[in-house]
Amino acid sequence: QVQLVESGGGLVQPGGSLRLSCVASGNIFSIYAMGWYRQAPGKQRELVAGTSSGGSTTYAGSVQGRFTVSRDNAKNTVYLQMNSLKPEDTAVYYCDAAVVVDAHRGPGHYWGQGTQVTVSS
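Residues numbered from 1 in each chain as written. Predicted model: local features only at pLDDT ≥ 70, side-chain atom pairs only at ≥ 80, totals over all residues. Heavy atoms only, no water.

A. Examining the packing of aromatic side chains more closely. Evaluation of the coordinates by the stated rule reveals one aromatic pair. Ring centres 5.0 Å apart and planes at 65° place the aromatic pair Tyr-37 and Trp-111 in the edge-to-face group. Of this pair, Tyr-37 sits in strand 4 (residues 30-39) while Trp-111 sits in strand 10 (residues 108-111), placing them 74 residues apart in sequence. In this structure, Arg-45 is placed above the aromatic ring of Tyr-94, and the distance from its NZ or CZ to the ring centre is 3.7 Å. One Lys or Arg, Arg-45, reaches over the ring of Trp-111 and ends 4.6 Å from the middle of that ring. (Phe/Tyr/Trp six-rings, centres within 6.5 Å; stacked < 30°, edge-to-face > 60°. Helix = DSSP H or I, 4+ residues; strand = E, 2+ residues; numbered from the N terminus. Lys NZ or Arg CZ within 6 Å of the ring centre and 35° of its normal.)

B. How the structure looks around the pairing of strand 1 (residues 2-7). With burial as the criterion, only one face of strand 1 is covered, namely that bearing Val-2, Leu-4 and Glu-6; the residues Gln-3, Val-5 and Ser-7 on the opposite face remain uncovered. Judged from the six bridges that link them, strand 1 and strand 3 (residues 18-26) form a sheet pairing that is antiparallel. Bridge pairing links Gln-3 to Ser-25 in strand 3. (Buried < 20%, exposed > 50% of the residue type's maximum accessible area, 1.4 Å probe, protein only. Pairing = 2+ DSSP bridges.)

C. Spotlight on the side chain of Glu-6. Within the secondary structure, Glu-6 is located in strand 1. Buried charge Glu-6 goes without a salt bridge, the closest partner of opposite sign being Arg-45 at 7.6 Å. A distance of 2.7 Å separates a polar atom in the side chain of Glu-6 from the backbone nitrogen of Cys-95. Polar side-chain contacts of Glu-6 include one of 2.8 Å to the backbone nitrogen of Gly-114. Beyond its immediate sequence surroundings of up to four residues, Glu-6 is in contact with Ser-21, Cys-22, Trp-36, Tyr-93, Tyr-94, Cys-95, Gly-112, Gln-113, Gly-114 and Thr-115. (Lys, Arg positive; Asp, Glu negative; His and termini not counted. Salt bridge = Lys/Arg side-chain N within 4 Å of Asp/Glu carboxyl O. Polar contact = N/O pair within 3.5 Å; in protein donor to acceptor, adjacent residues only side chain to side chain. Contact = heavy atoms within 4.5 Å.)

D. Focus on the state of the cysteines. One pass over the structure, following the stated rule, counts one disulfide. Sulfur-sulfur distance for the disulfide between Cys-22 and Cys-95 comes to 2.1 Å. Negative torsions about the S-S bond denote left-handed disulfides, and the value of about -80° found for Cys-22 with Cys-95 makes this one left-handed. Highlighted residues: Cys-22 in strand 3 and Cys-95 in strand 9 (residues 91-100), separated in sequence by 73 residues. (Disulfide = S-S within 2.5 Å.)

E. The arrangement of the sheet that holds strand 1 in detail. With antiparallel pairing, four strands are arranged side by side in an open sheet as 1-3-8-7. Here the strands that pair on one side only, and so sit at the sheet edges, are strand 1 and strand 7 (67-72). Between one strand and the next, the sheet's axes are offset by a mean angle of 15°, whatever the strand orientation. (Axes fitted to C-alpha atoms, helices over the stretch in contact; angles between N-to-C directions.)

F. Region of interest: unusual backbone geometry. Unlike most non-glycine residues, Asn-76 shows phi in positive territory, near 50°. Examined against the element boundaries, Asn-76 turns out to sit in the loop between strand 7 and strand 8 (77-82). Since its relative accessible area comes to 24%, Asn-76 is described here as partly exposed. Within the chain, Ser-84 stands out as a residue other than glycine whose phi angle is a positive 50°. Looking at where Ser-84 falls in the secondary structure, it is placed in the loop between strand 8 and strand 9.

G. Spotlight on the pairing of strand 7. Here strand 7 shows a buried face lined by Phe-67, Val-69 and Arg-71 and an unburied face lined by Thr-68, Ser-70 and Asp-72. Where strand 7 meets strand 8, six bridges bridge the pair, whose relative direction is antiparallel. Its bridge partner being in strand 8, Val-69 is matched across the sheet by Leu-80. Where strand 7 folds back on strand 8, the antiparallel hairpin that results is connected by four residues, among which Asn-76 adopts a positive phi of roughly 50°.

Here it is in structure tokens:
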């Protein structure tokens, strides 16, 4: 099995910064894309940022220029640096990874348990 464990969430004032981390562990052969989603109360889960194994990145328009996604392939870890945080960034943030556990099979998607980010004064 594969486990994704997020850390780094918390309470921050508007304009502040947080850095989220997500470590993948378990029976991992390789990892394709890794990324971050978020879900605010009463809203659907949405993609925040993602990165491929080659390092290409994608961002939601609402976070472009404020958030930066990066990964350390040697550590099976993806990060999300969040700057200039706004109250509307408040949500549970989930890590997602496309993981190959068997060289003869395609990747499966795995989710972390989520970490709460609250932006409030």
